[in-house]
Amino acid sequence: MRFAPILLLALALLTAGCAGTGTDTADDGIPENPNTNARGLDRKNLDESVSPCEDFYRYANGSWMDRNPIPADQSTWGIGNEMQERNYFLLRSILDDASDAGAAKGTNKQKVGDFWRMAMDTDTIEKQGLEPLQADLDRVAAAASADDILAIITDWHREGASVLFGFAIFQDLMDTTQYIGYAVQGGLGLPDRDYYTRDDDESAALRDKYRNHVARMLTMTGSDEAEAGAEADAIMALETRLAEASLTNVEMRNPATYYNIQPVDHANAQTPRFNWSRYLEAMDLGELETFSYAHPKFFAEMNSALGDTDLDTWKAYLRWHLIDGFAPYLSDAFVQANFDWTKELSGAEELRPRWKRAIDQTSGSLGEALGEVYVERAFPPATKQKADEMIENLRASIRSRIEQLDWMTDETRSQALTKLESFVSKIGYPDEWRDYSPLTIGTDSYVANVRAATAFEAKRNRDKIGQPIDRNEWGMAPQVINAYYNPVMTEIVFPAAIMQPPFFDGGMDDAVNYGAMGAVIGHEFMHGFDDQGSRFDADGNMKNWWSDADRAAFEERTARLVAQYNGMEALEGLNVDGQLTLGENIGDLAGVTMAYYALQKALEGENPGEIDGFTPEQRFFLAWAQSWRRNYRDEALKLQVNTDVHSPSMFRTNGPLANMPEFAAAFGCKDGDAMVLAADQRADIW
Ligand SMILES: [Zn+2]
């Protein structure tokens, strides 16, 4: 019952599961502001017992890493969490204020306030138990045919829950002036398909734990123990079938795997047991004559499963996914059971305090309603001005690098420059705020509010069909500490929350801000020129604008990066997947390179020389490394390496720098040092 928007390439400062933090008081106590006061560059974070040329990540962050153990309720701890910590206190004061009553019914303030209050009202949540889902449980229990099962799935899809498969509305990848529908693979309960197919002992043990968790949740919703065990086995078998027919996450890196436009009749013929016309009609999308039938192999297996899986298994499958989707909003028994499972993946030892979970959910469900107040309090106009200036300096530095690339022909080069000029940037918050007036948030239950908000989003997306492209739309709320590149819009987006210390520090010199925030701006720009983004042209259409020779030269260079990252060992026997992480690694290498040259340009205006014993170039690279500081639990590191397109922080830091002679020069590193790759291994891409 979850749904990731396709093809938004985010920075992911907050990676691998939980995006929360630790230092606080008891659940319902008034928290104290931890006042982190972290700066963009801090000499006391260094470990000067390590040479910068041997392990720059450790050199720049070692002391910070030693001083900042991971809080018990966290799976990792890094700069994003430090920033999030401050955010939580600000958001909490906004929410407390909104829920203090008096807000007129139907206003954003009332909606945000009631949502927050219901999320915090554990008395009501405990008293209600499973009641908020009883109608759904009864309906599943009463299902008497495959048609009943499909009707339930369809109704849940209308509410925005992607049970069994996903259906998204997104711009047409080959004609970005219109919105179309995408039917995509899904239906799994483990993080991705490889979790079902890996044959090592550890993966098998994890599958056992998952199966036991499914059984536990089923006993909590009516099955006796023997029934629940059999149901969990059958669910596992069904999900494994779906997984085996799914594409891997490496295959999904190719955007073309999302694109297979077919007439509705064709899809109907492929899946005789699933009628797409009826489904689309029920989704108020009956006018669609075609859609992207993205994953035919998956849907063929889904069709077979609809035919040969017994009704009781489908009923158990739906009950399991219903409870799995809503467990975080139910009574403590469900919250705890859900946490007992997710901690197997994240390694976190304790559940995060309710008020932080509630803030995350309010922010996730009512992002811009909350964001509107957030930016008034947290986003000074001067920050936007500085970001604009940095973005244009980055664009100029990218332009001049592309003009000088020796491996690219003039024809492709001119296309690349056209694309660069067409990039639009969005900073801080939307010009026009999302209209929440059709959404009702009340005081029935926490579950009902989460559902209403999800259904509102799903309908808002469906209503885009036939409408002009909304270029003002944001894919992240302003209070989210992240950034993204959207290839079909040719846009880079920086929410207000990322532009705060220590990531962006108005009180520090350019070298520091270019090393952190500037490199992120470069990273997002250069996603437009990575293995994925480079398949989209200046108008955002998935169209080849490369000559064959240039594409071959590009891939020869990126293959070096794949080989480098394949060789990085995160845990014993667990290496980074150079192919899965390629786009992010290209973004990192190119981003920090472009930011370095943008800084050089800025230094022509004003060069402060050495500060605190470091040259501007040294401060630039130190700020880069410190912006990636993070401690990981082993479980979290494993989850990230297995599922995340972002390499773990130590490799994101050191990997690009080892390719940069500019880095070696700044710290006097020599050939043969660990931080200096030999010329024939170095990836010189953008
Ligand atoms: Zn990225």
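See the structure printed just above.
Chemist: How should helix H13 (residues 311-326) be read in this particular structure?
Modeler: Helical geometry: 3.6 residues make up each α-helical turn, so side chains three or four residues apart lie on a common side. Taking 1.5 Å per residue, 16 residues should reach 22 Å; H13 reaches 23 Å between its end C-alpha atoms and fits that length. Of all 16 residues that make up H13, 13 are buried, and the element is covered over most of its length. One side-chain oxygen of the residue at the start of H13 lies 3.2 Å from the amide nitrogen of Asp312, identifying that residue as Asp310.

Chemist: Explain the sheet that holds strand S3 (residues 166-172) to me, please; I cannot follow it from the model alone.
Modeler: Pairing between the strands of a sheet comes from backbone hydrogen bonds, and it takes one of two forms, parallel or antiparallel. Reading across from one edge, S3-S4-S6-S5 is the order of the 4 strands in this open sheet, with mixed pairing throughout. What marks the edges here is a single partner per strand, and that holds for S3 and strand S5 (261-263). Mean inter-strand twist for the sheet, computed between neighbouring axes without regard to direction, equals 40°. For S3 and strand S4 (residues 175-184), the ladder comprises 7 bridges, and the chain directions are antiparallel. By the bridge assignment, Gln171 is partnered in S4 with Tyr179.

Chemist: Is there a simple way to explain the environment of Glu635 in this structure?
Modeler: Along the chain, the position of Glu635 falls in helix H24 (residues 634-643). Residues Glu635 and Thr76, 559 residues apart in the sequence, show an inter-C-alpha distance of 9.5 Å. If sequence neighbours within four positions are ignored, Glu635 has contacts with Glu344, Leu345, Ser346 and Gly347.

Chemist: What is the right way to read the packing of helix H5 (residues 134-142) against H13 from this model?
Modeler: In a pair of packed helices, the angle between the axes and the distance between the axes together describe the arrangement. One can describe the packing of H5 onto H13 by two numbers: an axis separation of 9 Å at closest approach and a directional angle of 165°. By the criterion of interaxial angle, the relationship of H5 to H13 is roughly antiparallel. The crossing of H5 and H13 is right-handed. Taking contact as the criterion, the partners of Asp136, Leu137, Val140 and Ala141 in H5 are, on H13, Lys315, Leu318, Arg319 and Leu322. Tallied by class, residues from the contact of H5 with H13 come to 5 nonpolar, no polar and 3 charged.

Chemist: Help me out: how do you make sense of the pattern of salt bridges in this one?
Modeler: Note on pairing: side chains with opposite charge can pair once their charged atoms come close. For the coordinates displayed, the defined rule picks out 42 salt bridges. When the shortest N-O distance is used, the salt bridge between Arg92 and Asp96 registers 3.4 Å. Remark: Asp96 and Arg92 occur in helix H2 (residues 79-99); sequence separation between them is 4 residues, near one turn of the helix. We classify Asp96 as partly exposed; its relative accessible area is 28%. For Lys343, the salt bridge identified is with Asp340, shortest N-O distance 3.8 Å. Residue Lys343 and its partner Asp340 are located together in helix H14 (residues 332-346), separated by 3 residues, close to a single helical turn. For Lys343, a relative accessible area of 30% gives the class partly exposed. One salt-bridge network, held together by shared partners, links Glu368, Arg434, Glu457, Arg460, Lys464 and Glu473.

Chemist: Where do I start with the packing of aromatic side chains in this structure?
Modeler: The description of an aromatic ring pair uses the distance of the two centres, along with the angle that the planes make with each other. Summed over the entire model, instances satisfying the criterion amount to 50 aromatic pairs. Three or more aromatic residues joined by ring pairs form one cluster here, namely Phe165, Phe167, Phe274, Trp276, Tyr279, Phe291, Tyr293, Phe298 and Phe299. Above the ring of Phe529, the side-chain terminus of Lys419 is found at 5.7 Å from the ring centroid. Its end group placed over the ring of Trp546, Arg551 keeps NZ or CZ at 4.5 Å from the ring centre.

Chemist: Before we go on, may I ask you to explain the coordination of the zinc ion in this structure?
Modeler: Expected angles at a metal are 109.5 degrees for tetrahedral coordination by four donors and either 90 or 180 degrees for octahedral coordination by six donors. Only His523 (NE2), His527 (NE2), Glu584 (OE) and Glu584 (OE) from the protein reach the zinc ion as donors, at distances of 2.0 to 2.8 Å. All donors of the zinc ion come from a single chain, and their spacing in sequence reads H-x3-H-x56-E. Here Glu584 lies in helix H22 (residues 582-605) and His523 lies in helix H20 (residues 510-527), a separation of 61 residues in the sequence. Here His523 matches Glu584 in class, with each residue buried.

Cut-off values and rules
- Residues numbered from 1 in each chain as written.
- Predicted model: local features only at pLDDT ≥ 70, side-chain atom pairs only at ≥ 80, totals over all residues.
- Heavy atoms only, no water.
- Helix = DSSP H or I, 4+ residues; strand = E, 2+ residues; numbered from the N terminus.
- Expected span 1.5 Å × (residues − 1).
- Buried < 20%, exposed > 50% of the residue type's maximum accessible area, 1.4 Å probe, protein only.
- Polar contact = N/O pair within 3.5 Å; in protein donor to acceptor, adjacent residues only side chain to side chain.
- Pairing = 2+ DSSP bridges.
- Axes fitted to C-alpha atoms, helices over the stretch in contact; angles between N-to-C directions.
- Contact = heavy atoms within 4.5 Å.
- Parallel < 35°, antiparallel > 145°, perpendicular 65-115°, else oblique.
- Left-handed = near helix turned anticlockwise from the far one by under 90°.
- Nonpolar A, V, L, I, M, F, W, Y, C, P; charged D, E, K, R; others polar.
- Salt bridge = Lys/Arg side-chain N within 4 Å of Asp/Glu carboxyl O.
- Phe/Tyr/Trp six-rings, centres within 6.5 Å; stacked < 30°, edge-to-face > 60°.
- Lys NZ or Arg CZ within 6 Å of the ring centre and 35° of its normal.
- Donors = N, O, S within 2.8 Å, 3.2 Å for Na, K, Ca; no water.

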